[in-house]
Amino acid sequence: MNILTLLIVVPVLTMAGILFTKDMKSTRMVSAIGMGIQLIVSAVLVFMYLGARKAGASDEMLFVADYTWFKSLNIHYTIGVDGIAVAMIMLTGIVVFAGIFASWEMEYLTREFFISLILLATGVFGFFISIDLFTMFLFYEVAVIPMYLLIGIWGSGPKESSAMKLTLMLMGGSALLMVGIFGIYFNSAPDGGPLTFNILEISKIQIPVEAQRFFFPFTFIGFGILGALFPFHTWSPDGHASAPTAVSMLHAGVLMKLGGYGAFRVAMFLMPEAAHEQAWIFIILTSISVVYGAFGAIWQKDLKYINAYSSVSHCGLVLFALLMMNETAMDGGILQMISHGLMTALFFALIGMIYGRTHTRNINEMGGLMKVIPFLSVVYVIAGLASLGLPGLSGFVAEMTVFVGAFQHPDIFHRVVTIVAASSIVITAVYILRVVGILLLGPVKNPHFEHLNDAKWYEKLSMITLVLAIAGIGIAPLWLSNTILDSLKPIVEKLAMAVTF
Amino acid sequence: MSIEQFYFMRHELVLTLAIIILLIAEIATSDKNKKKLIPFSIWLFGIVTIVGFIPSQGGELFGGSYQSSALTDLMKNILNIGVFIIFLQAEGWLKRDETADRISEYFLLTLATLIGMNFMISAGDFLIFYIGIETATIPIAGLAAFDKIRSRSAEAGIKLILSSALSSGVLLFGLSLIYGVTGSIYFTDIAQTITSNSMVALGFIFFVSGMGFKISLVPFHFWTADVYEGAPINVTSYLSVISKGAASFIFVIILFTVFKSITEMWKPLIYTLAVFTMTIANLFALRQNNIKRFLAFSSIAQAGFLLLGILGTSDLGMSSVVYFVLVYVFTNLGAFGVVEAISNASGVETIDGYNGLYKTNPKLSLLMTLSLFSLAGIPPVAGFFGKFFLFTAAASSGYFILVLIAVLNATISLYYYLKVIRAMFIEKSENPVATFRSSNYMRVALVICVTGIFAVGFASGIFEIIREISSAFLN
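What you are looking at is a predicted structure, and each value in this text was computed from that prediction instead of being measured. (Residues numbered from 1 in each chain as written. Chains lettered and ligands numbered in written order. Predicted model: local features only at pLDDT ≥ 70, side-chain atom pairs only at ≥ 80, totals over all residues.)

1. Describing the overall build of chain B
Point 1. If you tally the helices and strands in chain B, you get 19 helices and 2 strands.
Point 2. Whereas a compact globule of 475 residues would reach a radius of gyration of roughly 23 Å, chain B reaches 21 Å, a difference of no more than 12%.
Point 3. Oriented by its inertia axes, the alpha-carbon framework of chain B measures out at about 65 × 55 × 40 Å.
Point 4. Among the 475 residues that make up chain B, the fraction classed as buried is 61%.
Point 5. Expressed as a percentage of contacts within chain B between residues at least 6 apart in sequence, the contacts between residues at least 24 apart total 80%. (Helix = DSSP H or I, 4+ residues; strand = E, 2+ residues; numbered from the N terminus. Rg over C-alpha atoms; globule rule 2.2 N^0.38 Å. Buried ≥ 20, exposed ≤ 12 C-beta atoms within 10 Å, placed from the backbone. Contact = placed C-beta atoms within 7 Å.)

In C-alpha cells form, the structure reads like this:
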C-alpha cells in the first residue's frame with residue numbers, strides 16, 4: 001500500500017478501534033497508540049522522501065498514486081507529496097500526538113471526543129497529501145466540520161456561539177473556495193480536451209488571464225479565511241478561546257496552516273498572473289493582520305485570547321511572506337507555518353495545563369507561578385522566546401527569512417510594508433514579556449496556588465515533543481529549509497514566468 | 001402491438017396487481033387480524049420493488065403516449081426504493097389502535113399515487129402527463145387527512161387539495177396555450193415545432209408555475225409548511241421525498257426534451273426561481289422550532305438547489321438531478337425516520353424537545369446528525385456529492401455567480417441544521433426524550449438509509465451509471 005494512503009488508513013482504523021473501547025483509559029490508550037503509529041509513519045515518510053530525493057528522484061511530487069473516482073467528470077483520488085507537504089505532515093503528526101496527551105484527562109464523553117479529534121486530523125492529513133482539487137476540498141471540509149462539535153460540546157465560555165461563528169465563517173470560506181475550484185476546473189483545458197482537477201496537470205497549462213482575475217480572489221480569500229486573513233479573522237480569537245486544549249492546539253497549530261498551504265498551492269500556483277496583479281491588495285490586508293494581531297494581543301487579559309491574537313499576527317505573516325513571491329520569502333513563510341504550528345500548539349497546551357490547575361486564565365489573577373510549577377513555567381518561557389523570535393529557536397529562523405526575502409523587492413511599496421510588518425517583532429516582544437512577567441515572576445498572588453502540582457508524565461511527554469521540534473528547527477534549520485526550497489522551485493518559477501509574460 | 005410490449009409497463013402493471021391483491025386481502029381478513037396486513041403489504045411492495053429492477057428494453061406504447069426507457073425505469077426504481085423505506089417506517093404509526101381500521105387504506109392510497117407518478121414519468125404526451133399528475137395528487141390529500149381526529153391533519157388535507165386544484169388549473173391553462181401554438185399534445189411533435197414567441201412564453205410560465213406548486217418552489221410554496229406540519233409524519237416524508245422527487249423527474253424530462261429548442265428562453269426563469277427558492281426558504285427555516293416545519297422549509301431549499309442541476313441543460317445536468325434525488329431519498333427519509341420514531345415514542349416534535357437526545361438515544365442522534373450533514377452537503381456523506389454535482393452542472397453552463405449564491409445558501413442552511421445538532425448534543429435538558437427501542441421495521445428502514453447515505457456517495461459507479469443512462473436518453 002502506498003505510504004500516503006496509510007496516513008488516512010491509520011486514523012480511520014484508530015477511530016474504528018475507539019468505537020470498541022469501554023472506558024476512558026482504554027479509549028485514550030487506543031488513541032495514543034494510533035496517533036503514535038501515525039507519528040512514526042510520518043517520520044518514516046520524511047526519511048523515505050529525503051532518501052528518494054538523495055537517490056535522484058526529480059519529480060515534482062513523489063509517492064504519487066492515482067485512482068479514478070468519478071470517471072465522467074475526471075475526478076480522481078490522486079495523492080503525492082513534495083517537501084512542503086512532507087514537512088506539513090510531520091508537523092501535523094507531532095501536534096496531533098501532543099494533542100492526545102494534552103487531553104489525557106478528558107472525562108466527559110471521552111470516546112466521542114477522541115473520535116472527533118482524530119476525524120479532524122484525518123481531514124488535515126488527507127488535505128496535505130491530495131493533488132486532486134476535489135479530494136483536497138473534500139478533506140478540507142472533513143477537517144472543518146468536527147470543530148463545531150469539539151468546541152460546542154467540550155469547550156468553555158460562550159462555546160455555542162463561538163463554535164457556530166467559527167463553523168459558519170469557515171464554511172463561508174469553503175463556499176468561496178468551491179466557486180474558485182469550479183472556475184479552475186472549467187478553465188483547465190482552454191485548448192479543448194478533458195477538464196481536470198489535478199493540480200499538477202493544471203499547473204502545466206495557463207488558465208486564461210480573464211478567468212484568473214475573476215477566480216483568484218475567490219480561491220485566495222476562501223483559503224485566507226482559514227488562514228485568519230484580515231478582516232475575516234474574527235472567528236479565530238473567539239473560537240480558540242472557547243475550544244478545549246487539544247482542539248486549540250490542533251486548530252491553531254495545523255488547521256490554520258491549511259489556509260496558507262492552499263493559498264499558494266492552489267490559488268497562487270495555478271493562477272500566477274492574477275496573483276501578481278492582485279497581490280498588493282492582499283499584502284496590505286496581511287500587513288494589517290500582522291500588526292493588528294500583535295496589538296490586539298497586548299490588550300487582552302485572557303491567556304487564550306492573547307495567544308489567539310498572536311496567532312492572527314503570525315498567520316498573517318505566513319500569507320504576507322507567500323505573497324512576496326520570491327524564493328527566500330516563501331521559504332520563510334513555510335518555515336513560519338511549521339514554527340508557528342509547533343509554538344502555538346505548545347502555548348495552547350501550556351495554557352490548558354495552567355488553567356487546569358489555577359482554574360483561571362486571567363493573567364491579573366495569577367503571579368509567581370515559576371515558584372510553584374517550575375516545569376510548566378520554564379516551558380512557557382521557551383515558547384514565549386520562540387514566539388518573539390529568539391535566535392536558536394524556530395521563530396527566529398522563520399521570521400528572519402521572511403523579512404530578508406521581503407526586503408529583496410527593490411520598490412518602495414514592498415519595502416514599506418516589510419518595515420511595517422517587521423515592527424510586529426517589537427510588539428510581540430512587548431506582550432510576550434509582559435505576560436511572562438505577570439504570570440510567572442513576582443510573589444505568588446493567590447495562596448491557593450502554593451499547593452499546585454507540576455506537570456505529570458503525559459503532560460511532560462506532550463510538551464517535550466513540541467519543545468524538541470522547536471529547538472530542532474532553531475538549531476539546524478538548513479535541512480528543513482533546503483527540502484522546502486527544492487520543492488518551492490517549480491512554484492517560484494511558475495510565478496516568475498508570469499511576470500515576464 | 002403485441003403482448004410483450006406490455007412488459008414496458010411492468011412497473012404500473014405490477015402495482016395494479018398489488019392493489020388488487022391488497023383489496024382482496026382487506027376483504028378476506030377479519031377485523032382482529034387487520035394488523036397483519038402491515039407486514040403483508042410491506043413484503044408485497046418489496047416484491048414490486050424487486051420486479052422493477054428486472055432490466056428491459058425501452059419502447060413506446062399507445063402510439064407514443066406512453067414511453068419507457070432506461071431512464072424512466074431508473075426513476076421509477078428510485079421512487080420504489082423510497083416508498084419501500086417509507087412503508088417500513090410506517091409500521092409503528094399504523095399499528096396504533098386509532099388507525100387499525102384504516103391500514104389497507106393507507107397502502108392503497110399510497111400505491112395509487114405511485115401509479116400516477118409512474119405514468120407521469122413515462123408520459124409521452126401532455127394528456128397522460130396530466131392524468132398521471134392528478135392521480136398522483138388526489139389520493140395524497142386523503143393521506144394528509146389520515147389522522148382525521150386531529151384537526152391539523154384534516155386541515156392539511158383540505159389545504160393540499162385546494163392548492164393542488166389551483167395549481168392543476170394553472171398548469172392546464174399553460175398546456176392549453178402551448179397546444180394552441182403547436183397544435184399537438186405529443187412531446188415529440190411539440191419539441192419539433194415549438195419556437196420561442198410570447199404565446200409560448202406565457203404558456204411556459206403557467207406550466208412552470210403549476211409545476212412550481214408540485215415541487216414547492218418559491219413563490220408557490222405557501223401550502224408546503226402548513227401541510228407538512230399538519231399531515232402525519234409518514235405522509236409528510238412521502239410528500240417531501242416521493243412526490244417532490246417524481247415531480248422533479250418529469251419536470252427535468254419535459255424541460256430537456258419538449259422545451260429543448262427554447263432553452264435560452266427558460267434559463268433566466270429557472271435562474272430566478274432558483275435564487276428565490278434557496279434564499280427565501282433558508283431564511284424561513286432559520287426561525288422554525290417545529291421539526292416538521294423546519295424540514296419542510298429545508299426541503300423547499302433543497303428544491304432550489306435542484307434547479308441548479310436543471311440549468312446544466314446537458315446530460316450532466318440531468319444526471320446530477322437524478323442523482324441528487326436518489327441521495328435525497330436516503331437522506332431525507334433518514335431524517336424523517338428519526339423524527340417519526342421519536343414522535344411515535346414520545347410525541348415530541350419540536351427542536352427544543354430534542355435537547356439532550358444524545359444522552360438518551362445516541363444511535364438515533366448520530367443518524368439524525370448524519371442525515372442533517374448530508375442535507376447540508378458536508379463530506380464525506382452522499383449529500384456532498386449530490387450538491388457538488390448539481391453545482392458542477394450549473395458551473396458548466398457558466399453560472400458561477402449562481403453557484404456562489406447557492407454555496408452561500410448552503411452555508412446559511414448549515415446554521416439551522418447545526419441548531420438541531422446543538423440541541424441533541426450540546427443543550428442539556430431536565431426531561432429529555434426517554435430512552436426507547438424503535439420497532440424492527442423502523443430499524444431496518446434506518447439501516448437502509450444510513451447505508452445509502454454512505455454508499456451512494458463513495459460508490460462512484462452509481463453516478464456513472466446514471467450519467468450513462470441520462471446521456472443515452474438525451475441522444
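Having seen the model, we can carry on.
2. Topic: the overall build of chain A
Point 1. Along the backbone of chain A there are 20 helices and 2 strands.
Point 2. Rg of the C-alpha trace for chain A: 22 Å, near the compact-globule value of 23 Å for 501 residues, within the 12% margin.
Point 3. Summarising its shape, the C-alpha atoms of chain A cover approximately 75 × 60 × 45 Å along the three principal directions.
Point 4. In chain A, which comprises 501 residues, the proportion classed as buried is 62%.
Point 5. In chain A, of all internal contacts separated by at least 6 residues, the share reaching a separation of at least 24 is 79%.

3. Let's talk about the packing of helix 3 (residues 70-94) of chain B against helix 18 (residues 440-458) of chain B
Angle between the axes and distance between the axes are the two parameters that describe a pair of packed helices.
Residue and element names in this part refer to chain B.
Point 1. At a minimum axis separation of 7 Å, helix 3 and helix 18 run at an interaxial angle of 150°. Between helix 3 and helix 18 lies a crossing of left-handed hand. Contact with helix 3, carried on its side by Ile85, Leu88, Gln89, Glu91 and Gly92, involves Tyr441, Met442, Val444, Ala445, Ile448 and Cys449 of helix 18 and no other residues of that element.
Point 2. Of the residues that constitute the contact of helix 3 with helix 18, the class distribution is 8 nonpolar, 2 polar and 1 charged. (Axes fitted to C-alpha atoms, helices over the stretch in contact; angles between N-to-C directions. Left-handed = near helix turned anticlockwise from the far one by under 90°. Nonpolar A, V, L, I, M, F, W, Y, C, P; charged D, E, K, R; others polar.)

4. Describing the interface of chain B and chain A
Point 1. Taken together, the contact between chain B and chain A spans 24 residues of the former and 25 residues of the latter.
Point 2. Of all the secondary structure elements, the ones that give two or more residues to the side of chain B that touches chain A are helix 16 (382-396), helix 17 (400-425) and helix 19 (460-474) of chain B.
Point 3. Of the residues that constitute the side of chain B that touches chain A, the class distribution is 17 nonpolar, 4 polar and 3 charged.

5. So, helix 14 (residues 327-358) of chain A
All names here are of chain A.
Point 1. The end-to-end C-alpha distance of helix 14 is 45 Å, a good match for the 46 Å that 32 residues give at a rise of 1.5 Å each.
Point 2. Most of helix 14 sits out of view: 28 of its 32 residues are buried.
Point 3. Positive phi shows up at His359, right after helix 14, with a value of about 60°. (Expected span 1.5 Å × (residues − 1).)

6. Section: unusual backbone geometry
Point 1. Of the consecutive residues Phe230(A) and Pro231(A), the connecting peptide bond is found in the cis state with omega at 0°.
Point 2. Between Pro379(B) and the following residue, Pro380(B), the backbone shows a cis peptide bond with an omega angle of 5°.
Point 3. Within the secondary structure layout, Pro380(B) lies in the loop between helix 15 (362-376) and helix 16.
Point 4. One non-glycine residue with positive phi stands out, namely Met325(A), at about 55°.
Point 5. Here Met325(A) lies in the loop between helix 13 (303-324) and helix 14.
Point 6. Of note, the phi angle at Thr313(B) is positive, near 40°, even though the residue is not glycine.
Point 7. Secondary-structure assignment places Thr313(B) in the loop between helix 12 (291-310) and helix 13 (315-346).
Point 8. Residue classification places Thr313(B) among the buried residues on the basis of 22 C-beta atoms within 10 Å.

7. Overview of the pairing of strand 1 (residues 62-70) of chain A
Residue and element names in this part refer to chain A.
Point 1. Here 6 bridges tie strand 1 to strand 2 (residues 75-81), and the two strands are oriented antiparallel to one another. Looking across to strand 2, one finds that Tyr67 is bridged to Tyr77.
Point 2. In sequence, strand 1 turns back onto strand 2 through a hairpin of 4 residues, with Asn74 there showing a positive phi of about 60°. (Pairing = 2+ DSSP bridges.)

8. Overview of the pairing of strand 2 of chain A
Point 1. Of all 7 residues in strand 2 of chain A, 7 are buried; the element is thus mostly enclosed.
Point 2. The alternating pattern of strand 2 of chain A places Ile75(A), Tyr77(A), Ile79(A) and Val81(A) on one face and His76(A), Thr78(A) and Gly80(A) on the opposite face, and all of these are buried.

9. Quick look at the environment of Gln278(A)
Point 1. Relative to the elements of secondary structure, Gln278(A) occurs in helix 12 (residues 272-299).
Point 2. Spatially, the C-alpha atoms of Gln278(A) and Lys257(A) are 22 Å apart, while their sequence positions differ by 21 residues.

10. Side note on the nonpolar core
Point 1. Leu250(A), Leu346(A), Leu350(A), Ala144(B), Leu308(B), Phe391(B) and Val403(B) are the most contacted members of the largest nonpolar core, which has 379 residues in total.
Point 2. Aside from chain neighbours lying at most four places away, what touches Phe391(B) is Met178(A), Phe182(A), Leu308(B), Val403(B), Ala406(B) and Val407(B). (Core = buried A, V, L, I, M, F, W, Y, C linked by C-beta atoms within 7 Å.)

11. Brief notes about the confidence of the model for chain B
Predicted coordinates in regions of low pLDDT should not be interpreted in detail.
All names here are of chain B.
Point 1. Chain-level statistics for chain B give a pLDDT mean of 89 and a share of 100% at 70 or above.
Point 2. Confidence scores differ between elements of chain B, with strand 1 (residues 59-61) showing the lowest mean pLDDT of 80 and helix 10 (residues 233-257) the highest of 92.
Point 3. Here the complex is predicted with pTM 0.92, and the ipTM for its interfaces comes to 0.90. (pLDDT = per-residue confidence, 0-100.)

12. Section: the packing of helix 11 (residues 245-270) of chain A against helix 14 of chain A
All names here are of chain A.
Point 1. With their axes 7 Å apart at the nearest point, helix 11 and helix 14 run at an angle of 165° to one another. Of the possible angle classes, the one that applies to helix 11 and helix 14 is roughly antiparallel. Seen along the crossing, helix 11 lies across helix 14 with a hand that is right-handed. Together, Thr245, Ser248, Met249, Ala252, Gly253, Val254, Lys257, Gly260 and Phe264 of helix 11 and Met330, Gly333, Met337, Gly341, Leu342, Thr344, Ala345, Phe348, Ala349 and Gly352 of helix 14 make up the contact between the two elements.
Point 2. Of the residues that constitute the contact of helix 11 with helix 14, the class distribution is 10 nonpolar, 8 polar and 1 charged. (Parallel < 35°, antiparallel > 145°, perpendicular 65-115°, else oblique.)

13. Quick notes on the environment of Val433(B)
Residues and elements named next belong to chain B.
Point 1. Examined against the element boundaries, Val433 turns out to sit in the loop between helix 17 and helix 18.
Point 2. For Val433, a count of 23 C-beta atoms within 10 Å corresponds to the buried category.
Point 3. Along the sequence, Val433 and Ser346 sit 87 residues apart, while their C-alpha atoms lie 6.6 Å from each other.

14. Considerations on helix 6 (residues 151-182) of chain B
Point 1. With 32 residues, helix 6 of chain B should cover 46 Å at 1.5 Å per step; its first-to-last C-alpha distance of 46 Å lies within 8% of that length.
Point 2. Directly beyond the C-terminal end of helix 6 of chain B, a positive phi value near 75° is found at Gly183(B).

15. Things to note about the environment of Tyr238(B)
Residues and elements named next belong to chain B.
Point 1. By secondary structure assignment, the location of Tyr238 is in helix 10.
Point 2. Residues Tyr238 and Val14, 224 residues apart in the sequence, show an inter-C-alpha distance of 20 Å.
Point 3. Those residues in contact with Tyr238, other than ones at most four positions away along the chain, are Ile86, Thr110, Leu143 and Ser243.

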